[in-house]
Amino acid sequence: MSRIFKVLLSFCLVFCLLPSYAFAANTTYELDELGMSIELPSDHVVFTRDIKANDPNLSAYGLTKDGLSSLMQERSIYLNAWDEDINYEIIVTMLDSPFEDYNQFSDTSLSAFVSALDTEYAGLGITMIRSEFYQHSQAKFAKIYISQPNNGETAYGLQYHTVYDGKAINITLQSYSGKIDSSKEAVLKKIVDTVHFD
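Residues numbered from 1 in each chain as written. Predicted model: local features only at pLDDT ≥ 70, side-chain atom pairs only at ≥ 80, totals over all residues. Heavy atoms only, no water.

A. Expanded view of the packing of aromatic side chains. As enumerated under the stated definition, the model contains 9 aromatic pairs in all. Aromatic side chains Phe105 and Phe113 sit 5.0 Å apart centroid to centroid with 90° between the ring planes, which places their arrangement in the edge-to-face category. Look at Phe105 and you get partly exposed, because its relative accessible area is 21%. Between Tyr164 and Phe197, the aromatic rings sit 4.1 Å apart at their centres with planes inclined by 20°, giving stacked as the arrangement. On the criterion of sequence distance, the pair formed by Tyr164 in strand 8 (residues 153-164) and Phe197 in strand 10 (residues 196-197) is long-range, its members being 33 residues apart. The pair formed by Tyr164 and Phe197 is uniform in burial state, with each residue classed as buried. Directly above the aromatic system of Tyr78 lies the positively charged group of Arg49, at a separation of 3.8 Å from the ring centroid. (Phe/Tyr/Trp six-rings, centres within 6.5 Å; stacked < 30°, edge-to-face > 60°. Buried < 20%, exposed > 50% of the residue type's maximum accessible area, 1.4 Å probe, protein only. Helix = DSSP H or I, 4+ residues; strand = E, 2+ residues; numbered from the N terminus. Lys NZ or Arg CZ within 6 Å of the ring centre and 35° of its normal.)

Dropping the structure here:
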């Protein structure tokens, strides 16, 4: 009887600790100007617009507070992160939109908007490979696969694009280790699924 009790107690401890372990594996970032929060794995290097001048990651990556702040302002970046091995970068951008919310549109209507994005991207030297839609718990996203020239090679990206509360928001994974494979897709989907709009 004592042995069965110990085994059951062990299972209970494991299951009780699992949620706290999963929670500890992510860090939540509040992006007030976007009216949203997002979680990233705790082992990622992450910068938001409230960069501290003494952040040790600045010097570790040869960056300065002023230089990174200027880049983020210039490119409408609100969060910039990369994994430990710099296989990919996660970038969150936002611009004002003439639309209020993609949830108000059918997939057919959104297909027309995404086609218009194709022309805009081409003007920036970005190729839209394909797109599909993804229904998040609060927002409807266009999931867009892209590529662009990068120092004589081709860089690949996957972008979740939405309009929510009059803001056009992009959450993009830029790959530095080849095409977007299923593992990178899973990383970005997991991050996008943590997004919470106020």
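B. Structural view of the side chain of Glu89. Note on placement: Glu89 falls in strand 5 (residues 88-96). Apart from residues lying up to four places away in sequence, Glu89 is in contact with Asn80, Ala81, Trp82, Thr172, Leu173, Gln174 and Tyr176. (Contact = heavy atoms within 4.5 Å.)

C. Representation of the sheet that holds strand 6 (residues 127-135) within the structure. Pairing within the open sheet is antiparallel, and its 7 strands lie in the order 3-4-5-9-8-7-6. Each edge of the sheet is formed by a strand with only one pairing partner; in this case those strands are strand 3 (45-48) and strand 6. Neighbour-to-neighbour, the strand axes of the sheet open up by a mean angle of 15°, direction not taken into account. By the bridge criterion, 9 bridges tie strand 5 to strand 9 (residues 167-175) in an arrangement that is antiparallel. Each bridged residue has a counterpart across the sheet, and for Ile91 the counterpart in strand 9 is Thr172. The strands that helix 3 (residues 65-74) touches are strand 3 and strand 4 (77-82); relative to strand 4, the one it contacts most, it runs at about 120°. Helix 4 (residues 107-123) rests against strand 6, strand 7 (140-150) and strand 8 of the sheet, and its axis sits at about 150° to strand 6. (Pairing = 2+ DSSP bridges. Axes fitted to C-alpha atoms, helices over the stretch in contact; angles between N-to-C directions.)

D. Structural detail: the confidence of the model for the protein. Residues of the protein with pLDDT of at least 70 account for 88%, and the chain-wide mean is 87. Contacts of residues 1-24 to residues separated by more than four positions or lying in other chains number 1 contact, the stretch itself having pLDDT below 50. (pLDDT = per-residue confidence, 0-100.)

E. View of the environment of Thr154. Its location among the elements puts Thr154 in strand 8. Put simply, Thr154 and Ser175 are 21 residues apart on the chain and 9.9 Å apart in space, counted from C-alpha to C-alpha. Once you skip the residues sitting within four places of it in the chain, Thr154 turns out to touch Ser147 and Gln148.

F. Representation of the pattern of salt bridges in the model. With the rule as written, the count across this model stands at 6 salt bridges. The closest approach of N and O atoms between Lys143 and Glu185, which form a salt bridge, is 3.4 Å. Pair noted here: Lys143 is in strand 7 and Glu185 is in helix 5 (residues 182-193), with a separation of 42 residues, a long-range link. Residue Lys143 is classed as buried on the basis of its relative accessible area of 11%. With its nearest N and O atoms 3.3 Å apart, the salt bridge here joins Lys167 to Asp165. The class of Lys167 is buried, set by a relative accessible area of 16%. Accessibility expressed as a relative area gives 48% for Asp165, which makes it partly exposed. Because the salt bridges share partners, they merge into one network encompassing Arg130, Glu132, Lys143 and Glu185. (Salt bridge = Lys/Arg side-chain N within 4 Å of Asp/Glu carboxyl O.)

G. Structural context of the pairing of strand 9. Buried residues dominate strand 9, accounting for 9 of its 9 residues. Residues Lys167, Ile169, Ile171, Leu173 and Ser175 line one face of strand 9 and the alternating positions Ala168, Asn170, Thr172 and Gln174 line the opposite face, and both faces are buried. The turn linking strand 8 back onto strand 9 is made up of 2 residues, and Asp165 within it adopts a positive phi angle of 55°.

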